[in-house]
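Residue-level structure breakdown
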Amino acid sequence: MGLFSKKTKELVYDTAECEKKKALMRKMFDEAVPEGGSYTILHATETASKFQRGFVYDTNTTTFYHYILGYRPADGQVVLVQIDRDLTQHSEAVFLDMEAITSVSYEPKYTQACLQYRKGYGSFGEILDIGDTGSKTMYGIPDTVQAQEREAFLDFLETMRSRLEEAGHKQEKWKR
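Described in the following lines is the structure provided in the data block. (Residues numbered from 1 in each chain as written. Predicted model: local features only at pLDDT ≥ 70, side-chain atom pairs only at ≥ 80, totals over all residues. Heavy atoms only, no water.)

Quick look at the pattern of salt bridges
Close approach of charged atoms allows side chains of opposite charge to pair. A complete count under the given rule lists 9 salt bridges for this structure. For Arg 26, the salt bridge identified is with Asp 30, shortest N-O distance 3.3 Å. On the criterion of helical spacing, the pair formed by Arg 26 and Asp 30 is a turn pair, its members being 4 residues apart in helix 1 (residues 15–32). Given a relative accessible area of 34%, Asp 30 falls into the partly exposed group. Between Arg 72 and Asp 75 there is a salt bridge, and its shortest N-O distance comes to 3.0 Å. On the basis of relative accessibility, which here comes to 15%, the residue Arg 72 falls in the buried class. Using a relative accessible area of 44% as the deciding quantity, one classes Asp 75 as partly exposed. One connected set of salt bridges, linked through shared partners, spans Glu 19, Lys 22 and Glu 149. (Salt bridge = Lys/Arg side-chain N within 4 Å of Asp/Glu carboxyl O. Helix = DSSP H or I, 4+ residues; strand = E, 2+ residues; numbered from the N terminus. Buried < 20%, exposed > 50% of the residue type's maximum accessible area, 1.4 Å probe, protein only.)

Below, the structure written as structure tokens:
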């Protein structure tokens, strides 16, 4: 280890609290989605930044959106349910239009999965952070470690990529 090299930090989290939050997310997802038990779920976040020029100073505001991402490999359906950071409230379920998705990619450095829509659809796509958070996180839901769930979702995305390639959509290089 050199003088300026960084030692990788271990993620500190409470296993019991993590399991409790996963069970609570499952309950919230089942309330919001019909046949919710047939979906595999994981936590995902999405960010939106807004820059405003001011007279005295400029401001940059970042908003974090928390979701329970549900997917069903049998029919390729993906559902998002927005939740609050405290896991007390949830929104109605939003079913993604899987017919409009033309590209699927994953950025392992940032643990971001991207589902890109076709041109002219009205929205670019969904860029979802599916990483882990420890007990001292400032932006996400604390104690959400989901390594097994993330690997299962990446397997789902790989099968989805192969279906898109068979349909004639060119895919970017896949990194895992």
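Things to note about the environment of Gln 146
Within the secondary structure, Gln 146 sits in the loop between strand 7 (125–129) and helix 2 (147–166). A residue is classified by how much of its surface remains accessible, and Gln 146, at 4% relative accessible area, is buried. In this structure the C-alpha to C-alpha distance between Gln 146 and His 43, which are 103 residues apart in sequence, comes to 7.9 Å. Sequence-distant contacts of Gln 146, defined by excluding residues within four places in its chain, comprise Lys 22, Leu 42, His 43, Ile 130, Gly 131 and Asp 132. (Contact = heavy atoms within 4.5 Å.)

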